[in-house]
Amino acid sequence: MKPLEIAQRFCLMGHMATMPFGWVGLLFILPHPEIIVNLPPMGQTLFRLSMSGGGVVNILLGATAVALYAYRTFGVRRWLGFMVPAVCLSLSSELMGTRTGFPFGDYGYLSGLGYKIAGLVPFTIPLSWFYVGLVSYLIALGGLQVAQNRTMIRQVGAIILGAVLLTAWDFVLDPAMSQTIIHFWEWGQEGPFFGMPYQNFVGWLATGSLFMSVGTWIWGQELPQMSRTQLGFPLVVYLSNFTYAAVLSGVSGFTTPVVLGILMAVIPALVLWWITPGQAKESDSLGVPAAQMGQPAPVKVVVK
């Protein structure tokens, strides 16, 4: 097993392992402060550390796992060609949004997600845009391989569907992060969608579409020809992050966003994965063909 493969697996497992700790802390321990009071001193210290740094660790592990997958599967040019625009453009949107209210609405970040860039946006936020954005884009890109020899349709379709999958994740994420007992960000005024303004989702669609468009332009017309097996890793990352947010929102009483998320995120993602042609005979448990392990650019390309 190659070192990068080991690192990718370790980061994904660590990323997913932090999620149950988040559920327990946010949903069961914090609403019952007597539990915290009755913990021994070391337990109280560990709980404070987990609450202050758990979200940071979760995002760092997720971003690292997806970055390793992108490098190993597509090579350094496509990895950085998507990651750099995703991080830079999403950070620009977030900085503009927290200063002016455009394009997401009037909001601001609280503590719990790490050091704030310019005192406004936690450094982990653009990393989360990158890794969830890339897996959303890849799921759409893989499913649209049915549009054979139609590069433009596949490019535009992947941008649109990828941005929709990314925004649908926010349907369930935002109520959990801004309306429950502990807030990671807060809205300056009450919005009509469970405390959020509709403008927020327009901003998500616009920001996701923008950096996916730039990434597509950098990738050019040589689009990866992926197998269903290769898309297993992006699908696991996407569904695990959706599940994490859905449990937080659902247990907190926000069932409508969860239902909308299932209809607009889970079902389309599964359909796109299922219609992706082909499946490698030999694969590792994370969805990357074993014959391609450790190679930086193993996928085939289709040129119009």
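- As recorded in an unreviewed UniProt entry, the chain goes by the name Carotenoid biosynthesis protein, listed as coming from Roseofilum reptotaenium AO1-A.

### Details of the overall build of the chain
Okay, step 1: Assigned secondary structure in the chain consists of nine helices and six strands.
Okay, step 2: Relative to its 304 residues, the chain shows a buried fraction of 53%.
Okay, step 3: Put simply, 78% of the contacts in the chain that link residues at least 6 apart link residues at least 24 apart.
Okay, step 4: Carbon and sulfur atoms provide 70% of the accessible area of the chain, an area that totals close to 13300 Å².

### Quick notes on the pattern of salt bridges
Okay, step 1: All told, the structure shown has one salt bridge when counted by the stated rule.
Okay, step 2: Among the ionic pairs, arginine 9 bridges to glutamate 5, the shortest N-O distance being 3.4 Å. Residue arginine 9 and its partner glutamate 5 are located together in helix 1 (residues 3-29), separated by four residues, close to a single helical turn.

### Let's talk about the UniProt feature "transmembrane region" (unreviewed entry) in the chain
Okay, step 1: Under the UniProt annotation, "transmembrane region" (unreviewed entry) lies at residues 12-30, 50-71, 78-97, 117-140, 152-169, 201-219, 231-251 and 257-275.
Okay, step 2: From the first C-alpha to the last, residues 78-97 spans 28 Å; its make-up is 100% helix and 0% strand.
Okay, step 3: Taken end to end, residues 117-140 is 71% helix and 12% strand, and its two terminal C-alpha atoms sit 31 Å from one another.

### With respect to helix 6 (residues 151-178)
Okay, step 1: With 28 residues, helix 6 ought to run about 40 Å at 1.5 Å a step, and its terminal C-alpha atoms sit 40 Å apart, in line with that.
Okay, step 2: Most pronounced at valine 172, the bend in helix 6 amounts to some 35°, and the proline proline 175 follows within four residues.
Okay, step 3: Across the 28 residues of helix 6, 22 count as buried, placing the element largely inside the fold.

### Remarks on helix 7 (residues 198-219)
Okay, step 1: Taking 1.5 Å as the rise per residue, helix 7 with 22 residues should run 32 Å; its terminal C-alpha atoms sit 32 Å apart, in good agreement.
Okay, step 2: Note on helix 7: the residue one or two positions beyond its end, glycine 220, has a positive phi of about 75°.

### Some points on a nonpolar patch on the surface
Okay, step 1: Where nonpolar side chains cluster on the molecular surface, the patch consists of Val146, Val259, Ile262, Leu263, Met264, Ile267, Val271, Trp274 and Ile275 and spans about 810 Å² of accessible area.
Okay, step 2: Of note, isoleucine 262 is situated in helix 9 (residues 255-275).

### A look at the side chain of glutamine 145
Okay, step 1: Among the structural elements, glutamine 145 can be located in the loop between helix 5 (124-143) and helix 6.
Okay, step 2: Apart from the residues within four sequence positions on either side, glutamine 145 is in contact with Arg154, Pro224, Gln225, Met226, Thr276 and Pro277.

### Brief notes about the nonpolar core
Okay, step 1: Of all hydrophobic cores here, the largest spans 78 residues; its most connected members are Phe82, Phe130, Tyr137, Leu138 and Tyr238.
Okay, step 2: For this core, the element with the most residues is helix 5, which contributes 13 residues.
Okay, step 3: The residues touching phenylalanine 130, leaving out its near neighbours within four places in the chain, are Ala63, Val66, Ala67, Trp79, Phe82, Met83, Ala86 and Val87.

### Quick look at the packing of helix 6 against helix 7
Okay, step 1: Close contact between helix 6 and helix 7 brings their axes to 8 Å; oriented N to C, the two are set at 140°. Our pair here, helix 6 against helix 7, has a crossing hand that is right-handed. Contacts from Gln155, Ala158, Ile159, Gly162, Ala163, Val164, Leu166, Thr167, Trp169, Asp170, Phe171 and Asp174 in helix 6 reach Asn200, Phe201, Trp204, Leu205, Gly208, Ser209, Phe211, Met212, Ser213 and Thr216 in helix 7.
Okay, step 2: Residues of the contact of helix 6 with helix 7, tallied by class, amount to twelve nonpolar, eight polar and two charged.

### What to know about the packing of aromatic side chains
Okay, step 1: In total, this model carries 24 aromatic pairs according to the counting rule given.
Okay, step 2: Plain terms: the ring middles of phenylalanine 104 and tyrosine 107 are 5.9 Å apart, the flat faces sit at 90° to each other, and that makes the pair edge-to-face.
Okay, step 3: Note on tyrosine 107: relative accessible area 7%, which makes it buried.
Okay, step 4: Seen from the ring of tryptophan 273, arginine 228 lies directly overhead, with NZ or CZ sitting 5.8 Å from the centre.
Okay, step 5: The residue whose ring lies beneath arginine 228 is tryptophan 274, and the NZ or CZ to ring-centre distance is 4.5 Å.

### Observations concerning unusual backbone geometry
What you tend to see is this: most non-glycine residues have negative phi, and most peptide bonds are trans.
Okay, step 1: Of note, the bond from phenylalanine 102 into proline 103 is cis; its omega dihedral lies within 30 degrees of zero at 10°.
Okay, step 2: For proline 103, the position within the fold is in the loop between helix 4 (76-100) and strand 1 (107-109).
Okay, step 3: Phi at alanine 118 is positive, roughly 60°, even though this residue is not glycine.
Okay, step 4: A positive phi is found at phenylalanine 194, a non-glycine position, where the angle reads about 50°.
Okay, step 5: Its relative accessible area of 31% is what places phenylalanine 194 among the partly exposed residues.

### Description of the packing of helix 5 against helix 9
Okay, step 1: In contact at an axis separation of 7 Å, helix 5 and helix 9 are set at 45° when each is read in the N-to-C sense. Classified by the angle between their axes, helix 5 and helix 9 sit oblique to one another. The two elements helix 5 and helix 9 meet at a crossing, and its hand is left-handed. Contacts from Ile139, Ala140 and Gly143 of helix 5 reach helix 9 at Ala269, Leu272 and Ile275.
Okay, step 2: Here the residues of the contact of helix 5 with helix 9 sort into five nonpolar, one polar and no charged.

Conventions used here
- Residues numbered from 1 in each chain as written.
- Predicted model: local features only at pLDDT ≥ 70, side-chain atom pairs only at ≥ 80, totals over all residues.
- Heavy atoms only, no water.
- Helix = DSSP H or I, 4+ residues; strand = E, 2+ residues; numbered from the N terminus.
- Buried < 20%, exposed > 50% of the residue type's maximum accessible area, 1.4 Å probe, protein only.
- Contact = heavy atoms within 4.5 Å.
- Areas by Shrake-Rupley, 256 points an atom, 1.4 Å probe, with all protein chains shown as cover.
- Salt bridge = Lys/Arg side-chain N within 4 Å of Asp/Glu carboxyl O.
- UniProt positions renumbered as here; feature names shortened; annotations may be inferred.
- Expected span 1.5 Å × (residues − 1).
- Bend = angle between axes of the 7 residues up to and from the residue.
- Patch = residues over 30% accessible without salt bridge, like charges linked within 9 Å, V, L, I, M, F, W, Y side chains within 5 Å.
- Core = buried A, V, L, I, M, F, W, Y, C linked by side-chain atoms within 4.5 Å.
- Axes fitted to C-alpha atoms, helices over the stretch in contact; angles between N-to-C directions.
- Left-handed = near helix turned anticlockwise from the far one by under 90°.
- Nonpolar A, V, L, I, M, F, W, Y, C, P; charged D, E, K, R; others polar.
- Phe/Tyr/Trp six-rings, centres within 6.5 Å; stacked < 30°, edge-to-face > 60°.
- Lys NZ or Arg CZ within 6 Å of the ring centre and 35° of its normal.
- Parallel < 35°, antiparallel > 145°, perpendicular 65-115°, else oblique.

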